[in-house]
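Here is what each chain is made of, one letter per residue.
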Amino acid sequence: MSDKEKQARWLNPDILSYFVAGGIAGAASRTVVSPLERLKIIQQVQPMTRDGQYSGVWRSLVRMWKEEGFKGYMRGNGINCLRIVPYSAVQFTTYEQLKKFFTCRGAKELDTPKRLASGALAGVTSVCTTYPLDLVRARLSIATASIPVRNETSSAVPKLDANTFGVERRSHATSTSRAIYRATELSMIGMTIKIIREEGGIHALYRGLIPTALGVAPYVGINFAAYEALRGIMTPPGKDTVGRKLMCGALAGSVSQTLTYPFDVLRRRMQVVGMTSGSLGYEYKGALDALMTIPRAEGLRGLYRGLWPNLLKVAPSVATSFFTYEFVKEHLVAS
């Protein structure tokens, strides 16, 4: 195959349509649920104390509005969209291409295992492509939240608290996360520079990548497989209404997210564990250590913290994503 033929194969109108439609779908789905996305992140990483807790979805959203206004709802959404546009574009495009690969371009049946494999590989590809943006977005989401944090004081030897079940904690003074960040650090570029400077260089932007990839693979695989299975059941010819399509996406997203949610909590903990200022009190030796320590210190519910606002977010988010993708793709391919 010549270079021109290879270039034409990867830049054909169908692939460009998948890419553009996926990017638009991602931006639309995240913006719709930005307040709930930020609340989920805060609840996942806030310390287990009685003071300053963001508890209850409605109460927390009201508090966020009173303390930060509309900007609080959208905090981190800019970088989230910057991340999700290429993330979603790569994910949908990779999924479409892998489906063609596994079915030999339609010569074989696309069964459930092939859908799961296509979705899992597409998820891993997309998350590896955009992970640093996800980490920075998570830091920005909690940076302005008024949750209690610990400012480490000088102590050469980490102290073990008998009540922390092996989680190392240094001597600290309690403050709030909003109090320990400068204004210049509350931007995408500022936070990125802060992480690189204070946490060990570029590789700090990839902290938590492995557990994230392990969680994303089954999530995306189940998400795509469930959606296409539900479309076959709920939207037969002549009954593919907008409401039915949205319902398929909402159900698929809820099922896949619930089954893989502990990996999402693990990802967030690993993303904030290296914070040098405003520590949230979490120190794990690695992803496996965190996976064992969280249930031991917080019970199994620790692996599902923030699940309720996340489910409220996932249903409309995934529904919007799939509907927007199919709508834009159909119009682009037709043109």
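Definitions and cut-offs
- Residues numbered from 1 in each chain as written.
- Predicted model: local features only at pLDDT ≥ 70, side-chain atom pairs only at ≥ 80, totals over all residues.
- Heavy atoms only, no water.
- Axes fitted to C-alpha atoms, helices over the stretch in contact; angles between N-to-C directions.
- Helix = DSSP H or I, 4+ residues; strand = E, 2+ residues; numbered from the N terminus.
- Parallel < 35°, antiparallel > 145°, perpendicular 65-115°, else oblique.
- Contact = heavy atoms within 4.5 Å.
- Core = buried A, V, L, I, M, F, W, Y, C linked by side-chain atoms within 4.5 Å.
- Buried < 20%, exposed > 50% of the residue type's maximum accessible area, 1.4 Å probe, protein only.
- Phe/Tyr/Trp six-rings, centres within 6.5 Å; stacked < 30°, edge-to-face > 60°.
- pLDDT = per-residue confidence, 0-100.
- Polar contact = N/O pair within 3.5 Å; in protein donor to acceptor, adjacent residues only side chain to side chain.

> Got a minute to help me understand the packing of helix α10 (residues 242-272) against helix α11 (residues 287-298) in this structure?
Two quantities define a packed helix pair, namely the angle between the axes and the distance from one axis to the other. In contact at an axis separation of 10 Å, α10 and α11 are set at 110 degrees when each is read in the N-to-C sense. Comparing their axes, α11 and α10 come out roughly perpendicular. The segment α10 lies against α11, with Leu-266, Arg-269 and Met-270 engaging Ala-287, Ala-290, Leu-291, Ile-294 and Glu-298.

> Please explain the nonpolar core as it appears in this structure.
Generally speaking, a soluble globular protein has its nonpolar side chains buried in company with each other. Ranked by internal contacts, the top residues of the largest apolar core, which has 34 residues, are Val-136, Met-191 and Ile-195. Those elements that place two or more of their residues in this core are α2 (13-32), α6 (77-102), α7 (112-143), α8 (188-198), α9 (209-234), α10 and α12 (307-334). If we skip the residues at most four places from it in the chain, Ile-195 touches Leu-135, Val-136, Arg-139, Gly-200, Ala-204 and Leu-205. Of all hydrophobic cores here, the second largest spans 12 residues; its members include Ile-41, Ile-42, Ile-142 and Val-272.

> Sorry, what's going on with the environment of Leu-140 here?
Relative to the helices and strands, Leu-140 is located in helix α7. Judged by its relative accessible area of 7%, Leu-140 is buried. Setting aside chain neighbours within four positions, we find Leu-140 in contact with Arg-75, Ile-79, Glu-185, Leu-186, Ser-187, Met-188 and Met-191.

> Explain the packing of helix α3 (residues 34-45) against helix α4 (residues 57-68) to me, please; I cannot follow it from the model alone.
One can describe the packing of α3 onto α4 by two numbers: an axis separation of 11 Å at closest approach and a directional angle of 100 degrees. In terms of orientation, α3 and α4 fall into the roughly perpendicular class. Note on element contacts: α4 touches α3 through Val-57, Ser-60, Leu-61, Met-64 and Glu-68, opposite Pro-35, Leu-36, Arg-38, Leu-39, Ile-42 and Gln-43.

> Can you help me understand the packing of aromatic side chains in this one?
Each aromatic ring pair is described using two quantities: the centre-to-centre distance and the angle formed by the ring planes. A full pass over the atoms with the stated rule returns 10 aromatic pairs. Where Trp-65 meets Tyr-73, the ring centres are 5.6 Å apart and the plane angle is 40 degrees; that geometry is what we call tilted. What makes Trp-65 partly exposed here is its relative accessible area of 46%. Classification of Tyr-73 as buried rests on a relative accessible area of 16%. Measuring from ring centre to ring centre gives 6.2 Å for Tyr-261 and Tyr-304, while their planes differ by 20 degrees; the resulting arrangement is stacked. Of this pair, Tyr-261 sits in helix α10 while Tyr-304 sits in the loop between α11 and α12, placing them 43 residues apart in sequence.

> Would you mind showing me how to read the confidence of the model for the protein here?
Overall, the predicted model of the protein reaches an average pLDDT of 80, with 81% of residues at or above 70. Scored below 50 in pLDDT, residues 152-174 shows 41 contacts in the model against residues more than four places distant or in partner chains.

> What am I meant to see in the side chain of Arg-38 here?
Tracing the backbone shows Arg-38 in helix α3. The buried category is assigned to Arg-38, whose relative accessible area is 1%. At 3.0 Å, the side chain of Arg-38 forms a polar contact with the side chain of Glu-68.

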